[in-house]
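Take a look at the letters that make up each chain.
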Amino acid sequence: MSDEVESVGGKQVIARAAAVLKALESQTQGLSLGQIAKAANLPRTTVHRIVGALEAQQFVVTGQGGVKLGPALARLAASAHTDVIAIARPFIEALGRRTRETVDLCVFRGMHAISVDQYAADQELRVVSAIGTAFPCHCTAHGKALLANLADEQIDTLYQGIELEKRTAASAPNLTTLKQYLGEARANGFAIDREEHARGVCGIGVILRSGMTEQYALSLAVPTLRFEEQFESLKAALMQCRAEIEGVVGGR
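Residues numbered from 1 in each chain as written. Predicted model: local features only at pLDDT ≥ 70, side-chain atom pairs only at ≥ 80, totals over all residues. Heavy atoms only, no water.

Asks: For this particular structure, what's the right way to read the overall build of the protein?
Replies: Secondary structure assignment for the protein yields nine helices and eight strands. Computed over C-alpha atoms, the radius of gyration of the protein comes to 20 Å, within 12% of the 18 Å expected from 2.2 N^0.38 for 252 residues, which places it in the range of a compact globule. For the C-alpha atoms alone, the extent of the protein along its principal axes is close to 65 × 40 × 35 Å. Burial statistics for the protein: of 252 residues in total, 45% are counted as buried. Partitioning the intrachain contacts of the protein with sequence separation of at least 6 by distance along the chain shows that 57% fall at a separation of at least 24. The averaged location of the 27 negative side-chain charges in the protein is 3 Å from the averaged location of its 26 positive side-chain charges. (Helix = DSSP H or I, 4+ residues; strand = E, 2+ residues; numbered from the N terminus. Rg over C-alpha atoms; globule rule 2.2 N^0.38 Å. Buried < 20%, exposed > 50% of the residue type's maximum accessible area, 1.4 Å probe, protein only. Contact = heavy atoms within 4.5 Å. Lys, Arg positive; Asp, Glu negative; His and termini not counted. Charge placed at Lys NZ, Arg CZ, Asp CG, Glu CD.)

Asks: How do you make sense of the nonpolar core when you look at a structure like this?
Replies: As a rule of thumb, nonpolar side chains are buried together in soluble globular proteins. Of all hydrophobic cores here, the largest spans 31 residues; its most connected members are L105, L218, L220 and F227. Secondary-structure elements contributing two or more residues to this core are α5 (82-99), β3 (102-109), β4 (112-119), β7 (201-208), β8 (216-223) and α9 (224-251). If you tally residues by element for this core, the top one is α9, at eight residues. Within the second largest apolar cluster, 22 residues are counted, among which are A145, A148, I155 and I207. (Core = buried A, V, L, I, M, F, W, Y, C linked by side-chain atoms within 4.5 Å.)

Asks: Looking at this structure, how should I read the layout of surface pockets?
Replies: Vacant regions in the atomic arrangement are exposed by a probe of water-molecule size rolled over the atoms. In this structure, the second largest pocket encloses a volume near 240 Å³. The wall of the second largest pocket is formed by 19 residues, among which V127, F135, H197, V201 and A221 lie closest to the centre. Secondary structure elements with two or more residues in the lining of the second largest pocket: β3, α6 (141-147), β7 and β8. Taken together, the residues of the lining of the second largest pocket break down into nine nonpolar, eight polar and two charged. (1 Å grid on protein atoms, 1.4 Å probe; cavity = no way out; pocket = protein on both sides within 12 Å on 5 of 7 lines; lining within 4 Å. Points joined across faces, edges and corners; volume = space filled by probe spheres on them. Nonpolar A, V, L, I, M, F, W, Y, C, P; charged D, E, K, R; others polar.)

Asks: I'm lost on the packing of aromatic side chains in this one. Help?
Replies: Any aromatic ring pair is given by two values, namely how distant the centres are and how the planes are angled relative to each other. Applying the stated rule across the entire model yields two aromatic pairs. With centroids separated by 5.6 Å and ring planes inclined at 70 degrees, the aromatic side chains of F227 and F231 adopt a geometry described as edge-to-face. Note that F227 and F231 are positioned in helix α9 at a spacing of four residues, about one turn of the helix. By the ring-pair criterion, three or more aromatic residues cluster together here, those being F190, F227 and F231. (Phe/Tyr/Trp six-rings, centres within 6.5 Å; stacked < 30°, edge-to-face > 60°.)

Asks: Please clarify how helix α3 (residues 44-56) should be interpreted in this entry.
Replies: Residues spaced three or four apart along an α-helix point in a common direction, a consequence of the helix completing one turn every 3.6 residues. Between its first and last C-alpha, α3 extends 18 Å over 13 residues, near the 18 Å set by a 1.5 Å rise per residue. Among all positions in α3, only T46, V47, I50, V51 and L54 are buried. The buried residues of α3 all sit within an arc of 130 degrees when viewed along its axis, so they share a single face. Every exposed residue of α3 that faces more than 90 degrees away from the buried side is listed here: T45, R49 and A56. (Expected span 1.5 Å × (residues − 1). Arc of directions from axis to C-beta.)

Asks: Would you mind showing me how to read the side chain of H142 here?
Replies: Along the chain, the position of H142 falls in helix α6. Excluding its chain neighbours within four sequence positions, the residues that come into contact with H142 are D104, C106, A113, F135, G205, A217 and S219.

Asks: In this structure, what is going on with the sheet that holds strand β5 (residues 134-136)? I would like to understand it.
Replies: In a beta sheet, neighbouring strands pair by backbone hydrogen bonds and run either parallel or antiparallel. In space, the six strands of this open sheet follow the order β5-β4-β3-β8-β7-β6, with antiparallel pairing throughout. In this open sheet, the two strands that pair with only one neighbour each are β5 and β6 (191-194). Across the sheet, the mean angle from the axis of one strand to that of its neighbour is 30 degrees, orientation sign disregarded. (Pairing = 2+ DSSP bridges. Axes fitted to C-alpha atoms, helices over the stretch in contact; angles between N-to-C directions.)

Asks: Honestly, the environment of R194 in this entry has me stumped. Any pointers?
Replies: The residue R194 is located in strand β6 in this model. Polar contacts involving the side chain of R194 include one to the side chain of E228, which spans 2.7 Å. (Polar contact = N/O pair within 3.5 Å; in protein donor to acceptor, adjacent residues only side chain to side chain.)

Next comes the structure, spelled out in structure tokens:
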């Protein structure tokens, strides 16, 4: 077999694997092999083979609800943003020390915000999560800050046929309510999570305008016990941190 034939075959395999991953991009509940085959326009036998290879590398995982994107993609997302992380890190640390609350830096990935860096609070009662965690955008402060950067028509397309997951009783029950929340976020310049993602946890998030093609959000994760009484000071500190980061990135 010639090098040219091998090259064509390799490109075809990569294209098919990419088609499978794209079919899973917005599917939080997972898809069956048949559903993936239809979405990717590939034979079911081909999908079965590709999913097996991807699963071996943790790019996808198979569970009760079907096939979903795996943890290896989250790790790749984190490693792809080291430059932004390096720029933002000293400011994130300063914000964390100033507020004594957890600071998260996330990147936009469709219906999810992927954590790429975090400064953990030093208080006994605190909110922490693992780097690489995929947070649903519709019920988190950083996620809604990212969604608010989109037009309502783009939101409709993104969530077409998708039922919003209710993490808590406070989570947005439908797309209409979510778009109301996003309208408030656009008007205010920040988004709020009041126990929408997890009970006892609140957050405030802002989009970070890096001037790059990727979209990032910066947020503070705060126990409900402290959130309301410290809200104004937390918001002011978060806004200052964003301005400092954007000033450096803009200078680049």
